[in-house]
Amino acid sequence: MRNTMIRWSFFFIGLAVLGLGIAMTIKGKAFGIGPWDVFHYGLYEQFGLTIGTWSIITGFILLGVTSLYTKTYPKLGAFLNMLFLGLFIDLFLYILPTPESLVIQGIVFVFGVIVIGYGIGLYVTSGLGAGPRDGIMLLIVEKTGWRIDWVRNGIEVVVLLGGWALGGPVGIGSIVIAFMLGNIIRYSIPQCKTMLSAVLSYQNPTSAKESTN
């Protein structure tokens, strides 16, 4: 029970961190925003609703596609990811102030990208179900054997072009995220796995091996 609670803690903390990072990059949108957020922002511009709401809708569609391809039901964590990530994005967009100077926006943007990478590492490491977007990424990696950063970068570029076509804000920061985020995830996931293993070992020495399953 305790191990399960620890994993769920990693999961929800990871989603909160991810939502924070996304909101930070959007607050620094003078440099452009992340590919998925360009896409969600474009949908927001075209059809209304909120960026977080479009994140939820897009996630639901991707989750359905992945489930049909793998012929398996998604984990509970995947549904919760789809819902809570959108809520966290809208929450932090409401809470965080908008930086006035370009220098501060640039700093917030760069830190936001790093925060996104570690938010993904935290919740993926929990093993409770990758989110719809990362589920697609992990599925492609599993089926092809390609490096995770290559796959992530490829997905980001395709989505960026789609978001740009919808009228989403694209800038140098969008390109930075498209090619930088995969490299951050490449390191954040192993680091977060080590962190989870250490926490589980501290709580119960016999549970260390479980964290790598």
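The name an unreviewed UniProt entry assigns to the protein is Membrane protein, from the organism Guptibacillus hwajinpoensis.

Points about the overall build of the protein
For the protein, the count of helices and strands is eight helices and zero strands. Listing each helix as α and each strand as β along the protein from the N terminus yields α-α-α-α-α-α-α-α. Compactness check: the protein gives a C-alpha radius of gyration of 17 Å against a globular reference of 17 Å for 213 residues, within 12% of the reference. Along the first, second and third principal axes, the C-alpha atoms of the protein reach 50 × 40 × 30 Å. Per-residue burial over the protein gives 48% buried out of 213 residues. Pairs at least 24 residues apart make up 78% of the contacts formed inside the protein by residues separated by at least 6 positions. Counting every atom, the protein has about 10800 Å² of accessible surface; 71% of that belongs to carbon and sulfur. Charge centroids of the protein, computed over 13 positive and 9 negative side chains, lie 10 Å from each other.

Quick word on the UniProt feature "transmembrane region" (unreviewed entry) in the protein
In this numbering, the UniProt entry assigns the feature "transmembrane region" (unreviewed entry) to residues 47-69, 76-96, 102-124 and 157-181. Secondary structure within residues 47-69 divides into 87% helix and 0% strand; the distance between the first and last C-alpha atoms comes to 29 Å. Secondary structure within residues 76-96 divides into 95% helix and 0% strand; the distance between the first and last C-alpha atoms comes to 29 Å.

What counts and what doesn't
- Residues numbered from 1 in each chain as written.
- Predicted model: local features only at pLDDT ≥ 70, side-chain atom pairs only at ≥ 80, totals over all residues.
- Heavy atoms only, no water.
- Helix = DSSP H or I, 4+ residues; strand = E, 2+ residues; numbered from the N terminus.
- Rg over C-alpha atoms; globule rule 2.2 N^0.38 Å.
- Buried < 20%, exposed > 50% of the residue type's maximum accessible area, 1.4 Å probe, protein only.
- Contact = heavy atoms within 4.5 Å.
- Areas by Shrake-Rupley, 256 points an atom, 1.4 Å probe, with all protein chains shown as cover.
- Lys, Arg positive; Asp, Glu negative; His and termini not counted.
- Charge placed at Lys NZ, Arg CZ, Asp CG, Glu CD.
- UniProt positions renumbered as here; feature names shortened; annotations may be inferred.

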